[in-house]
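Observations on the three-dimensional arrangement
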Amino acid sequence: MASVSLPFTSVHLQCQAIVRPVRASVSGKPSVSEPPVTTLSEKLPLKKIPGNYGIPFVGPIKDRLDYFHNQGRDEFFKSKIQKYQSTVFRTNMPPGPFISPDPKVIALLDGKSFPVLFDVSKIEKKDLFTGTYMPSIDLTGGYRILSYLDPSEPKHAKLKQLIFFLLKSSAKRVIPEFEACYTELYDTLDKELAEKGKSSFQTVNDQAGFNFLCRAFFRSNPPDTKLGDDGPSLISKWVFFQLGPVLSLGLPKYVEELVIRTFPLPPFLVKKDYQRLYDFFYHSSGFVQDEAEKLGISREEVCHNLLFATCFNTFGGMKIFFPNMLKWISRAGVKLHTDLAQEIRSAIRSNGGKLTMAAMEQMPLMKSVVYEGLRIEPPVPSQYGRAKKDLLIESHDAVYQVKAGEMLYGYQPFATKDPKIFENPEEFVPDRFMGDDGERLLKHVLWSNGPETEDPTTANKQCAGKDFVVLVSRLFVVELFRRYDSFEIEVGKTMVILTGSDQPVKPVGSRIVQIIRSSISLETRRRSITLSSINFGSF
């Protein structure tokens, strides 16, 4: 997944798994065709970028309070679009004073202007992974990690090449390890449900995801090491110290501003936790360290990068997207569930009862559902870039001039729900990406810091694990419908807090550590399971 500012989201879903015969076929609803979009040949008018940054210090604070407390993130952007009658405008982005020295950005909130953020010939990505501020490098062993490097920097290509090496070396282990870890997860839950009538999915889901990544990438099972089962909780604490300035705890407005947005949280408080993670990765990744030395990268530096890529990027990305997928699929109803179950089980049967890449290629509805999930609620909502030179940027309605050095910000959910590109953009359309017309829309699926139709390279900032994330997301849907026929959900609030959410929720008591968790419960008839999610970034 791609470089990002990272809000946490939280919903509580009550789901009911229902055993039914699978009879219906894949929906015959035609795929949504791509409407025409404005092109250069139409000679759009050149306009001044509307908006302003307000009085120094006061303007950024006001925008920050609106973003987190007074309006919430989506309403913050919608109100400015309405005010300026433009999807391109000037504003301040959190955290602002005193953590962010320069919060000024030009917001790009439509599907036509947003992709300029992928063009590394025009946009610099140096130290912009978390937006207008950068966490202390003491949190990453004193190194600037790959996510913070611009492709123009010499180490970028070498470090990204090592991530490609890791992904390639683990290719044969991904499907069997995913099946093993998630089968074990469901078996554990089913046993608890049978014995107690209720089971928490949160802890076992955290552990299953982390164990899967470590087993697939490094052939190392955390519970068999000194790390034990502590990996997910250590990661949560470490990530919180990096993302504190862009989180919302649901505390009283000015208390929260003072606690997490006035000064960065001190890295020494998580030094021992991080060292435990580092020791595990150092002892597990020797084969990648050997490859790094051939490229002139120290074993220590590559280990810090492997830790970040696995824990912050991939683990976090899986943990926000899997619950989101469950939510959207559940809401879509029994007809979709039946179609998915039939398609998935039929394809596996036709491949000798084994789940293979070839079998998944015979599941067009499942593939479309995953892409639609990535479109409607991308796990990486925000992108940043700094103009390398004077630019002309187009929206659907106008052309805007950007000066060299100005910061650009894109809020991806607005770009991927652009009504001038997608029909019924706010609706989850499971077969949207099926057929030739649907496949043409894939260039507007942008979750990976690049179009879905393009590939990551050492020369760009597209997520190195783009194909891996799509694969494991497909595996998640497949494993769900190999096991269950259908389920229903009830959406409610939890103690977990949104970053700039429309409806922040107050934490219960003093258990603030729970801010990095959001709960989703999956309930079978008289049985309950709980999923957790974290919204992190990526490569």
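Residue indices begin from 1 for each chain and proceed along its sequence in written order. With the structure being a predicted model, the display of local features is reserved for residues of pLDDT at least 70 and the display and counting of side-chain atom pairs for 80 or more, all residues being used for whole-chain, interface and lining totals. Excluded from the side-chain calculations are hydrogens and water; all other atoms, namely the structure's heavy atoms, are used.

- Under an unreviewed UniProt entry, the name given to the protein is Allene oxide synthase, and the organism recorded is Gossypium darwinii.
- UniProt positions are given in the numbering used here, feature names are shortened, and annotations may be inferred rather than shown by experiment. The protein has a UniProt comment under Cofactor (unreviewed entry) that states "heme".

**Points about the side chain of Lys 125**
- Each helix is a run of H or I in the DSSP string that is no shorter than four residues. Each strand is a run of E no shorter than two, and both are numbered from the N terminus. Relative to the elements of secondary structure, Lys 125 occurs in the loop between strand S5 (123–124) and helix H3 (154–169).
- For each residue, the accessible area found with a 1.4 Å probe, counting protein chains only, is set against the maximum for its type, and the residue is called buried under 20%, exposed over 50%, and partly exposed in between. As used throughout, the charge tally considers Lys and Arg to be positive and Asp and Glu to be negative, leaving His and the chain termini uncounted. The term salt bridge refers to a pairing of a side-chain nitrogen on Lys or Arg with a carboxyl oxygen on Asp or Glu at a separation within 4 Å. Among buried Asp, Glu, Lys and Arg side chains, Lys 125 stands out as unpaired, with Asp 150 the closest opposite charge at 8.0 Å.
- Two N or O atoms count as a polar contact when they lie within 3.5 Å, although within protein this holds only if one can serve as hydrogen donor and the other as acceptor, and sequence-adjacent residues are included solely when both atoms are side-chain atoms. At 2.9 Å, the side chain of Lys 125 forms a polar contact with the backbone oxygen of Tyr 384.

**What about helix H1 (residues 58–70)?**
- Here the expected length of a helix is defined as 1.5 Å per residue gap, with one fewer gap than residues. Across its 13 residues, H1 extends only 15 Å between first and last C-alpha, which sits more than 12% below the 18 Å expected from 1.5 Å per residue.
- When H1 is considered as a whole, its buried residues turn out to be Gly 59, Pro 60, Asp 63, Arg 64, Leu 65, Asp 66, Tyr 67 and Phe 68.
- For H1, the elements touching its buried residues are helix H2 (73–84), strand S3 (88–92) and helix H7 (253–260).
- Within two residues after H1, Gly 72 carries a phi angle of roughly 95°, on the positive side. Any pair of residues with heavy atoms lying within 4.5 Å of one another is described as a contacting pair.

**Things to note about the sheet that holds strand S9 (residues 407–411)**
- Any two strands between which DSSP finds at least two bridges are classified as paired. Read from one edge to the other, the open sheet built from 5 strands follows the order S3-S4-S9-S6-S5, with strand pairing classed as mixed. Each having just a single partner strand, S3 and S5 make up the two edges of the open sheet.
- Sheet topology places S5 next to strand S6 (residues 382–387); 2 bridges connect them, and they run antiparallel. Looking at the pairing, Glu 124 lines up with Arg 386 of S6.
- On the sheet, H2 packs against S3 and S9 and is oriented at approximately 130° with respect to S3. Fitting a line to C-alpha atoms yields each axis, with helices limited to the stretch in contact; the angle taken between N-to-C directions then spans 0 to 180 degrees.

**Some words on the sheet that holds strand S2 (residues 46–47)**
- Pairing in this open sheet of 3 strands is mixed, and the strands run S2-S8-S7 from one edge to the other. Edge positions in the sheet fall to S2 and strand S7 (391–394), since each has one partner strand and no second.
- As paired strands, S2 and strand S8 (residues 399–402) are joined by 2 bridges and run parallel to one another. By the bridge assignment, Leu 46 is partnered in S8 with Val 399.

**Some thoughts on the side chain of Arg 432**
- Among the structural elements, Arg 432 can be located in the loop between helix H14 (412–415) and helix H15 (435–440).
- Residue class for Arg 432 comes out buried when judged on its relative accessible area of 0%.

**Section: unusual backbone geometry**
- The step from Pro 94 to Pro 95 runs through a cis peptide bond, and the omega angle for that step is 10°.
- Mapped onto the secondary structure, Pro 95 falls in the loop between S3 and strand S4 (104–108).
- Even without a glycine there, the phi angle at Phe 57 is positive, about 70°.
- Assignment of secondary structure puts Phe 57 in the loop between S2 and H1.
- With phi around 55°, Arg 219 is a residue other than glycine that occupies positive phi space.

**Section: a nonpolar patch on the surface**
- A cluster of nonpolar side chains, contributed by Ile 55, Phe 57, Val 58, Phe 98 and Phe 263, occupies part of the molecular surface with about 570 Å² of accessible area.
- In this fold, Ile 55 is placed in the loop between S2 and H1.
- According to the relative accessible area criterion, Ile 55 is exposed, its value standing at 58%. For patches, a residue must show more than 30% relative accessible area and have no salt bridge; joins then use 9 Å for like charges and 5 Å for nonpolar side chains, namely Val, Leu, Ile, Met, Phe, Trp and Tyr. We get accessible surface area from the Shrake-Rupley algorithm with a probe of 1.4 Å; when it comes to residues, only the shown protein chains can shield them.

**A few points about the UniProt feature "binding site: heme" (unreviewed entry) in the protein**
- UniProt's entry tags Cys 463 with the feature "binding site: heme" (unreviewed entry), counted in the numbering of this structure.
- Secondary-structure assignment places Cys 463 in the loop between H15 and helix H16 (466–483).
- Overall, the relative accessible area of 0% leaves Cys 463 in the buried class.

**Remarks on the layout of surface pockets**
- Throughout, the protein atoms alone are placed on a 1 Å grid, and a set of points is a cavity if a 1.4 Å probe fits but cannot get out or a pocket if it is open with protein on both sides within 12 Å along at least five of seven lines; lining residues have an atom within 4 Å of a point. Grid points are joined across faces, edges and corners, and a volume is the space filled by probe spheres set on the points. Approximately 490 Å³ is the volume found for the second largest pocket.
- Looking at the second largest pocket, it is lined by 23 residues, and the ones nearest its centre are Lys 466, Asp 467, Phe 468, Val 470 and Leu 471.
- Those elements that place two or more of their residues in the lining of the second largest pocket are H3, helix H4 (171–196), helix H12 (357–361) and H16.
- Per element, the largest residue contribution to the lining of the second largest pocket is 6 residues, and it comes from H16.

**A few points about the packing of helix H9 (residues 286–294) against helix H10 (residues 299–332)**
- Where H9 contacts H10, the axes come no closer than 9 Å and their chain directions differ by 125°. Put simply, H9 runs oblique to H10. Regarding H9 and H10, the two cross each other, and that crossing is right-handed. When H9 is examined against H10, the residues Gly 286, Val 288, Gln 289, Asp 290, Ala 292 and Glu 293 are found in contact with a partner set consisting of Arg 299, Val 302 and Leu 306.
- Here the contact of H9 with H10 is built from residues that sort into 4 nonpolar, 2 polar and 3 charged. Under this scheme an angle from 65 to 115 degrees is roughly perpendicular, one under 35 degrees roughly parallel, and one over 145 degrees roughly antiparallel; angles in between are oblique. Handedness of a helix crossing follows the sense of rotation of the near helix relative to the far helix, less than a right angle counterclockwise being left-handed and clockwise being right-handed. Each residue receives one of three labels: charged for Asp, Glu, Lys and Arg, nonpolar for Ala, Val, Leu, Ile, Met, Phe, Trp, Tyr, Cys and Pro, and polar for the others, Gly being one of them.

**Let's talk about the pairing of S8**
- Relative to S8, S7 runs antiparallel, the two being bridged by 4 bridges. Looking across to S8, one finds that Glu 394 is bridged to Val 399.
- Here S7 folds back onto S8 in antiparallel fashion, the turn holding 4 residues.

**Digging into the packing of aromatic side chains**
- Aromatic rings from Phe, Tyr and Trp, taking only the six-membered ring of Trp, are treated as a pair when their centres fall within 6.5 Å; an angle between ring planes under 30 degrees marks them as stacked, one over 60 as edge-to-face, and anything in between as tilted. One pass over the full model with this rule turns up 40 aromatic pairs.
- Here the aromatic rings of Phe 77 and Phe 414 are separated by 6.1 Å at their centres, their planes lie at 75°, and the arrangement is edge-to-face. Here Phe 77 is found in helix H2, whereas its partner Phe 414 is found in helix H14, with 337 residues between them in sequence.
- A relative accessible area of 13% places Phe 414 in the buried class.
- An angle of 80° between the planes, with centres 6.0 Å apart, marks the rings of Phe 217 and Phe 218 as edge-to-face.
- Relative accessible area serves as the criterion here: at 2%, Phe 217 is assigned to the buried category.
- In this structure Phe 218 comes out as buried when scored by relative accessible area, which is 3%.

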